[in-house]
Amino acid sequence: MNFQSLAGVDPLVGVAIVCALYLVMLVWVLTRRRDDITEGAPDRKRWRDLRLWIVPLILIQIALHLIFR
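As the structure is a prediction and not an experimental result, all values here were calculated from the model. (Residues numbered from 1 in each chain as written. Predicted model: local features only at pLDDT ≥ 70, side-chain atom pairs only at ≥ 80, totals over all residues. Heavy atoms only, no water.)

S.K.: Teacher, can you tell me more about the overall build of the chain here?
M.R.: Of regular secondary structure, the chain possesses three helices and zero strands. Each helix and strand of the chain, ordered N terminal to C terminal, gives the series α-α-α. For 69 residues, the compact-globule estimate of 2.2 N^0.38 gives 11 Å, and the C-alpha radius of gyration of the chain, at 17 Å, exceeds that figure by more than 25%. Taking the principal axes of the C-alpha coordinates as reference, the chain spans close to 50 × 25 × 20 Å. Expressed as a percentage of its 69 residues, the buried residues of the chain come to 16%. Expressed as a percentage of contacts within the chain between residues at least 6 apart in sequence, the contacts between residues at least 24 apart total 50%. A distance of 5 Å separates the average location of the 9 positive side-chain charges in the chain from that of its 6 negative side-chain charges. (Helix = DSSP H or I, 4+ residues; strand = E, 2+ residues; numbered from the N terminus. Rg over C-alpha atoms; globule rule 2.2 N^0.38 Å. Buried < 20%, exposed > 50% of the residue type's maximum accessible area, 1.4 Å probe, protein only. Contact = heavy atoms within 4.5 Å. Lys, Arg positive; Asp, Glu negative; His and termini not counted. Charge placed at Lys NZ, Arg CZ, Asp CG, Glu CD.)

See the structure below:
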């Protein structure tokens, strides 16, 4: 594929777009109901709640994008 059309775009714009997408995913996950998150789980233990896991994982991803841009 030829990406010459993106040659003039600042790499910081790409990092900003990726970080914005991560934040959109974070907001989407945090707005889900607990019933949706634990559906199909054998129990409703607190550690099975996706919202507890996704926040640090997405923050790590954003930090990696900002540090190693």
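There's plenty left to go through after this.
S.K.: I'm lost on helix 1 (residues 11-30) in this one. Help?
M.R.: An α-helix turns once per 3.6 residues; consequently, residues spaced three or four apart project the same way. Between its first and last C-alpha, helix 1 extends 29 Å over 20 residues, near the 28 Å set by a 1.5 Å rise per residue. By the burial criterion, the buried members of helix 1 are Val15, Cys19, Tyr22, Leu26 and Val29. Seen along its axis, helix 1 keeps its buried residues to an arc of 80°; they face one direction. Exposed residues pointing more than 90 degrees away from the buried face of helix 1 are listed as Leu21, Val24, Val27 and Trp28. Residues of helix 1 that are buried sit in contact with helix 3 (50-67). (Expected span 1.5 Å × (residues − 1). Arc of directions from axis to C-beta.)

S.K.: I keep staring at the packing of helix 1 against helix 3 and nothing clicks. Help me out?
M.R.: Two measures define how a pair of helices packs: the angle their axes make with one another and the distance between the axes. Helix 3 packs onto helix 1 with a crossing angle of 175° between their chain directions and a minimal axis gap of 10 Å. It follows from the interaxial angle that helix 1 and helix 3 lie roughly antiparallel. From helix 1, Val15, Val18, Cys19, Tyr22, Leu23, Met25, Leu26, Val29 and Leu30 reach across to helix 3, where they touch Leu50, Arg51, Ile54, Val55, Ile58, Gln61, Ile62, His65 and Leu66. Classifying every residue of the contact of helix 1 with helix 3 by side-chain character gives 15 nonpolar, two polar and one charged. (Axes fitted to C-alpha atoms, helices over the stretch in contact; angles between N-to-C directions. Parallel < 35°, antiparallel > 145°, perpendicular 65-115°, else oblique. Nonpolar A, V, L, I, M, F, W, Y, C, P; charged D, E, K, R; others polar.)

S.K.: Looking at this structure, how should I read the environment of Asp49?
M.R.: Its place among the elements puts Asp49 in the loop between helix 2 (34-37) and helix 3. Considering only alpha carbons, one finds Asp49 and Ala63, 14 residues apart in sequence, at a separation of 23 Å.

S.K.: Would you explain the pattern of salt bridges in this entry?
M.R.: Any two side chains of opposite charge can pair if their charged atoms end up close together. Applying the stated criterion to the full structure yields five salt bridges. The shortest N-O distance in the salt bridge between Asp49 and Arg51 comes to 2.8 Å. Classification of Asp49 by relative accessible area gives buried; the value is 2%. Members of the salt-bridge network, linked through shared partners, are Arg46, Asp49 and Arg51. (Salt bridge = Lys/Arg side-chain N within 4 Å of Asp/Glu carboxyl O.)

In short, geometric facts, not functional conclusions.
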